[in-house]
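# Structure at a glance
So the chains spell out like this:
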Amino acid sequence: MAEIKLTFNGKEVTCEGDKTLLDVAREHGDNVPTICYHDATTANALCRICVVEVEGMRVLQPACVVKAGANMKVQTKSEKVLRSRKTILEMLNSTLDLSEADEIQHMMQDYSVDENRFPDAERRESDVKDDNPMYVRDYSKCLLCWRCVQVCAEDAQYTYAINFEGRGYETQIGTFFDKIIPETSCVLCGQCVAVCPTNALKPKRQYLLEQGMSANEISVMNTGRKQRKNRNA
Amino acid sequence: MLKPDRIVTSTCPYCGVGCNLQLHVKDDFIFKVTSPFDSPVNSGNLCVKGRFGYDYIYHPKRVTTPLARRYLLEGKPKPKGREQVFAVSKDGKPIPDSQISNDWDWVETDWETALNLVADNLVRIYKRDGSDAMAVYCCAKATNEDNYLLQKMYRALFRTNNVDHCTRLCHAGSVVALQQALGSSAMSNTASQVIMNDVFIVTGSNTSENHPIIALQMKEAVQKYGAKCIVIDPRRIDLVDFSEMWLPLKPGTNVPVFSAMAHVIVKENLVNWEFVKNRTEGFNEFVESLEKFTPEYAQELSGVPAEDIRKAARLYAQAKNGAIYWGMGISQLSHGTASALALIHLAFLTGHIGRDGTGLNPLRGQNNVQGASDMGSMPFHYPGYMRVDNEENRAKWEKLWNIEEGGLSLKLGLTTTEILSHAHEGGVRSLFIMGENPMMSEPNLNVVREHMQELEFLVAQDIFINESGAFADVFLPATPFAEKDGTFSNTDRRVQRVRTAHAPRGNSRPDWQIICDLALRLESRLGVDTAKWTYTNPEEILREMGSVNSDYAGITYERIEKVGLIYPVPSLDHPGTPTLFTKDFPRGKGKFHVLDYVPIREEPDDEYPFILTTGRLLEHWHGGTMTRNSALNEAYPEGRVEIHPADAEIHGIQHGDPVKVSSRRGEIVVRATITEKTSIGVVFLPWHFAEAAANLLTNDALDPQAKIPEFKACAVQVFPARLDDLPNPNVIVERGRY
């Protein structure tokens, strides 16, 4: 791949032509934040936290998918960029429980987020879904980054047990026909749990410990023969 | 939110893939498992067992104190026979309501007492009856270090080669075939090279359930790299959805199908002549023997359309890079060696071996079955596959183990299956079982039970009282993978670290420490010079073994601190060997063998009209010692028999109905799953479930060379049964996965 030249924050850099702006930024130690992007999944530009300003382009560009082009002039820290990232964080924070999203908590500090920017926002509340022996799903914490859906599909497992359901603000991750997890095509691999950025998905044992159960109490639960409860939880 | 006290990197204790794990520990309790996304083995992917199936470590039934039978502790003579007991007396009082003599009660004791009882009894039997009375099962789940020490103990102290482990029940047919044809018996290439294949054959392996992460790599190869997959299997396994072709052969007809493919490759001149000329021998006799294996003949025997056999042969032969992956469906037959040889021939004819992205790849089952075999846990070999009946080999180990010249036995030992069948007066009198469960994993369990009862003294070293340990005289509580250090060698031949995540529970001890402690007690009773048992850490054990076994010579813990090395690693600066046989085979030239079709030993007939084939499930592991004591059991609590809809209709069986499955050797009652996953005339049972053990039914006919039993095919009948006949009528598995 031929090398190209472009300008990053006023500094001239060179890179291979198939790199994304995010790759180039990282190569040069520029900390462009990401939420929906994960090295193990296909970039999908859903969360827009990685936006950068490219001279001549009408709107901010998501660095995770936009390819570096020759002679591009890129600003990763312009006022427009910073304001945009800050607003995204404020909107997420106004509707979701981000208390267990460590990386996002750090971002909110870095971008001096106003936690009360949207006091009237309707919060996305839902009960914890505890319908299988391996992991729980708390969609009050879910920001729809899509990573779980991706690793359940072509990015890892080729299992296709979960997807988006609903529209607009009502959109959620769900199973087909709202089946409980054991009755879907899910193989319980937990790859979705591994890539979840907010702990909306969590191993069952971690969840139970956090609920105040002791390690011994949890161990006694697994004595087999136990009939499943919470069938419709 | 919970923060871990520490995150410990280790290797998965389940299948041979050897996924890298990060164990998140809080207050000596693993609450979460993750995997590094840059792992060269599994790229951060795990299956349900690896990610969630470690909770057996904390199960209340785990034994963490040494146990002995009451008769031993009270110094009484051994009662007649041998009783299977699972209950333990915690307070030393007789177990109330015991149906059998309280002399058989399990009573908690201390290490000193337990190890002395073992040493006294083993030495007593050895002094009375000699080496042939002693036998040991090593363990494909334990570390390399544990296995090396246990075979060393039996070889050096009891001078016997009656040392084997479950590889005999798993890939023995493949190992013998590969040794005969190539002179080596591991995967020739690594699993991660699947994406370099243009065409690959998967046969006798339900990869998605048994090596889930390799199946992901296969799916990726098909979906993203344009590879073509050919499935040759009696079951319509998950991978069929990703395949170019599926050849549903009748169980036990591997040799005619593969030989017909060879026939087509020769007749249509798709042979890689350069490879055949330079790298193989025995071609002419082989080609003559192929004459009768026309695709039409194979169709008659196997049910696979001749045209499909032709098409599959052309696809594989004309690929730039072709590879073959196989599992137990090839080896677990009374002609398992011939089945594997027939596959090997395909690689020889086409030259699809010795380059990246090709190869002959038996997918090894257990996390460390490769390593346990490498460590000499086998009756014919010292570590490094050095034959025991060779005086030069013997001299090397005698020197290392401080043994007088000519002291080690040249006599080939008994195999796993033979050890039990020789359990009688004048034969094997004592057996030491480390972590295995023959009462689940051997065929024809009713007979195995009788053999177990014939033993004079039985030791179990395990973490649970499983179906076999329940027969033992002394139980030594060992630790699972998370409570010890060591190494596992995965199916790729990659040697990886296992690390202590937290201290052993209760009084349990790591296997290697138990073995060393016991060995010293044995030596003092035998009055012999020491073979050296004082190691300060497991690495010293691996280095001792590597000083003679050149495959491991260059492996140190420091070198595999972050990423495992793929052996052979002959020296400290050697980078490892992902692809084998690039220039030649260990035996020189690859050898073609003349094969004939031998039917399965027990064909279906009017009385027993179905062929039963057995296998494994994603959620469970082998005899179930670990997974049946885990939340995994909640995910899949019962075994079911799979029946094709056409067969079910004839026999009036509905989905979920209880049915009795019986063979000439035994019977079980399970629910039926009506599915096209199995083919007409073939029923499938998983063998993990003790309450409905598939191996009560299986045939103990052996392959004459590899001594592997015919687990994959026997004749059964299936009849509707009553709900009350089910072992657990209230337990129903409801899963939507394929």
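Along each chain, the written sequence defines residue order, and numbers are assigned to residues from 1. Chains carry letters from A onward and ligands carry numbers from 1 onward, assigned in written order. Note on the predicted model: pLDDT of at least 70 is required for a residue's local features to be given, and 80 or more for side-chain atom pairs to be given and counted; whole-chain, interface and lining totals, by contrast, use all residues.

A run of H or I in DSSP becomes a helix once it reaches four residues, and a run of E becomes a strand once it reaches two; helices and strands are each numbered from the N terminus. When helices and strands are counted, chain B shows 23 helices and 31 strands. In terms of overall dimensions, chain B is globule-like: its C-alpha atoms have a radius of gyration of 25 Å, near the 27 Å expected for 738 residues. Dimensions along the principal axes, computed over C-alpha positions, put chain B at roughly 75 × 65 × 60 Å. The proportion of buried residues among the 738 residues of chain B is 61%. Contact between two residues is assigned whenever their backbone-derived C-beta positions fall within 7 Å. When contacts within chain B are restricted to residue pairs at least 6 apart in sequence, those whose partners lie at least 24 apart make up 74%. What the globule rule says is 2.2 Å times the number of residues to the power 0.38, and the radius of gyration is computed from C-alpha atoms. Exposure criterion: with C-beta atoms placed from backbone coordinates, a residue whose C-beta has 20 or more other C-beta atoms within 10 Å is buried, one with 12 or fewer is exposed, and one in between is partly exposed.

Our next topic: the overall build of chain A. A tally of helices and strands in chain A yields seven helices and nine strands. On the principal axes, the C-alpha backbone points of chain A span a range of 65 × 45 × 35 Å. Counting the 233 residues in chain A, one finds 41% classified as buried. Considering only residue pairs separated by 6 or more positions, chain A has 60% of its internal contacts joining residues 24 or more positions apart.

Let's shift gears to the domain arrangement of chain B. Residues and elements named next belong to chain B. Here the bounds of each domain stem from an automatic or database domain assignment. Per the domain assignment, the segments of chain B are domain 1 (6-58), domain 2 (109-166 + 369-566), domain 3 (172-362) and domain 4 (610-725). On a C-alpha basis, the centres of domain 1 and domain 3 stand 32 Å from each other. Each partner contributes residues to the interface: domain 1 has eight residues there, and domain 3 has eight residues. Gly counts as polar in this scheme, as do all residues outside two lists: the nonpolar Ala, Val, Leu, Ile, Met, Phe, Trp, Tyr, Cys and Pro, and the charged Asp, Glu, Lys and Arg. Taken together, the residues of the side of domain 1 that touches domain 3 break down into five nonpolar, three polar and no charged.

What follows concerns the nonpolar core. Residues and elements named next belong to chain B. Take the buried Ala, Val, Leu, Ile, Met, Phe, Trp, Tyr and Cys residues, join any whose C-beta atoms are within 7 Å, and the set you get is a nonpolar core. Counting residues in each nonpolar core, the largest one holds 303 residues, and the members touching the most others are Met-261 and Val-683. Looking at this core, the element that brings in the most residues is helix α14 (residues 336-350), giving ten residues. Beyond its immediate stretch of four places on either side in the chain, Met-261 contacts Ile-309, Ala-312, Ala-313 and Leu-346.

Before going further, it helps to examine the sheet that holds strand β20 (residues 486-489) of chain B. Residues and elements named next belong to chain B. Paired strands, as defined in this entry, are two strands with at least two bridges between them according to DSSP. In spatial order, the strands read β20-β21-β22; together these three strands make up an open sheet with antiparallel pairing. Among the strands making up the open sheet, the edge pair consists of β20 and β22 (565-566). Here strand β21 (residues 494-498) pairs with β22 via two bridges, running antiparallel. Opposite Val-495, over in β22, you have Leu-565 as the bridge partner.

A separate point is helix α4 (residues 144-158) of chain B. All names here are of chain B. Over its 15 residues, α4 runs 21 Å from end to end, which matches the ideal 21 Å to within 8%, given 1.5 Å per residue. The buried fraction of α4 is high, at 15 of 15 residues. Remark: Arg-159 follows α4 within two positions and exhibits a positive phi of approximately 55°. By definition here, a helix of n residues has an expected span of 1.5 Å times n minus one.

Mean pLDDT for chain A: 92, with 94% of residues reaching 70 or above. Confidence scores per residue from the predictor, reported as pLDDT, run from 0 to 100. Every residue in residues 224-233 of chain A scores below 50 in pLDDT, and together they form twelve contacts with partners more than four places removed in sequence or on other chains.

Now for the packing of α4 of chain B against helix α20 (residues 511-526) of chain B. All names here are of chain B. Angles here are taken between N-to-C directions and fall from 0 to 180 degrees, while the axes themselves are lines fitted to C-alpha atoms, restricted in helices to the stretch in contact. It is the contact of α4 with α20, at a shortest axis distance of 9 Å, that shows an interaxial angle of 10°. The orientation of α4 relative to α20 falls into the category roughly parallel. Remark: the crossing between α4 and α20 carries left-handed chirality. Across the interface between the two elements, Glu-145, Asp-146, Leu-149, Leu-150, Met-153 and Leu-157 from α4 touch Asp-511, Trp-512, Ile-515, Cys-516, Ala-519, Leu-522, Glu-523 and Leu-526 from α20. Among the residues forming the contact of α4 with α20, the class breakdown is ten nonpolar, no polar and four charged. Here is the rule for angles: anything less than 35 degrees is roughly parallel, anything more than 145 is roughly antiparallel, 65 through 115 is roughly perpendicular, and the remaining ranges are oblique. Put simply, a crossing is left-handed when the front helix is turned counterclockwise from the back one by less than a right angle, and right-handed when it is turned clockwise.

Residues and elements named next belong to chain B. On strand β7 (residues 134-137), burial covers both faces: Met-134 and Val-136 on one face and Ala-135 and Tyr-137 on the other are all buried. Pairing of β7 with strand β17 (residues 430-434) involves four bridges; the strand directions are parallel. Directly across from Val-136, in β17, lies its bridge partner Phe-432. Pairing analysis gives two bridges linking β7 to strand β8 (residues 163-164), with the strands arranged parallel. Directly across from Val-136, in β8, lies its bridge partner Val-163.

Averaged over all residues, the pLDDT of chain B equals 97, while 100% of them reach at least 70. Prediction confidence for the complex, expressed as pTM and ipTM, is 0.96 and 0.94 respectively.

Attention now goes to the sheet that holds strand β13 (residues 322-326) of chain B. Backbone hydrogen bonds hold the strands of a sheet together, and the pairing may be parallel or antiparallel. Residues and elements named next belong to chain B. One open sheet accounts for five strands, arranged β11-β10-β9-β13-β14; its pairing is parallel. The open sheet has two free edges, formed respectively by β11 (245-247) and β14 (359-362), since each of these has just one partner strand. Here the strands of the sheet are splayed against their neighbours by 15° on average, with no regard to which way each runs. α14 contacts β13 and β14 of the sheet and is inclined by roughly 170° relative to β13.

Let us now look at the domain arrangement of chain A. All names here are of chain A. Under the domain assignment used here, chain A contains domain 1 (3-80) and domain 2 (135-221). Computed from C-alpha coordinates alone, the two centres of domain 1 and domain 2 are separated by 31 Å. On the domain 2 side, the residues contacting the nine residues of domain 1 number ten residues. Residue composition of the side of domain 1 that touches domain 2, by class: five nonpolar, four polar and no charged.

On to the packing of helix α5 (residues 172-181) of chain B against α14 of chain B. All names here are of chain B. The interhelical angle for the contact between α5 and α14, taken along N-to-C directions, is 50°, at an axis separation of 8 Å. Our classification of the angle between α5 and α14 gives oblique. Note that α5 runs across α14; the crossing there is right-handed. Residues Ala-172, Gly-173, Ser-174, Val-176, Ala-177, Leu-178 and Ala-181 of α5 form the contact with α14, whose participating residues are Gly-336, Thr-337, Ser-339, Ala-340, Leu-341 and Ile-344.

Moving on to the pairing of β13 of chain B. Here is the key point about a regular strand: its side chains alternate between the two faces of the sheet. Residues and elements named next belong to chain B. With respect to burial, β13 is a largely interior element, five of its five residues being buried. Of the two faces of β13, the one carrying Gly-322, Ile-324 and Trp-326 and the one carrying Ala-323 and Tyr-325 are both buried. Of the pairings in the sheet, the one linking strand β9 (residues 199-203) to β13 comprises five bridges and is parallel in character. Of the residues in β13, the one forming a bridge with Val-202 is Tyr-325. Bridging between β13 and β14 involves four bridges; their strand directions are parallel. Residue pairing across strands places Tyr-325 opposite Asn-361, the latter belonging to β14.

So, on to the interface of chain B and chain A. At the junction of the two partners, chain B supplies 38 residues and chain A supplies 35 residues. If you list the elements that add at least two residues to the side of chain B that touches chain A, you get β3 (29-34), α1 (48-52), α7 (212-225) and α22 (632-635) of chain B. For the side of chain B that touches chain A, the element with the highest residue contribution is β3 of chain B, accounting for four residues. A class-by-class count of the residues in the side of chain B that touches chain A yields 18 nonpolar, ten polar and ten charged.

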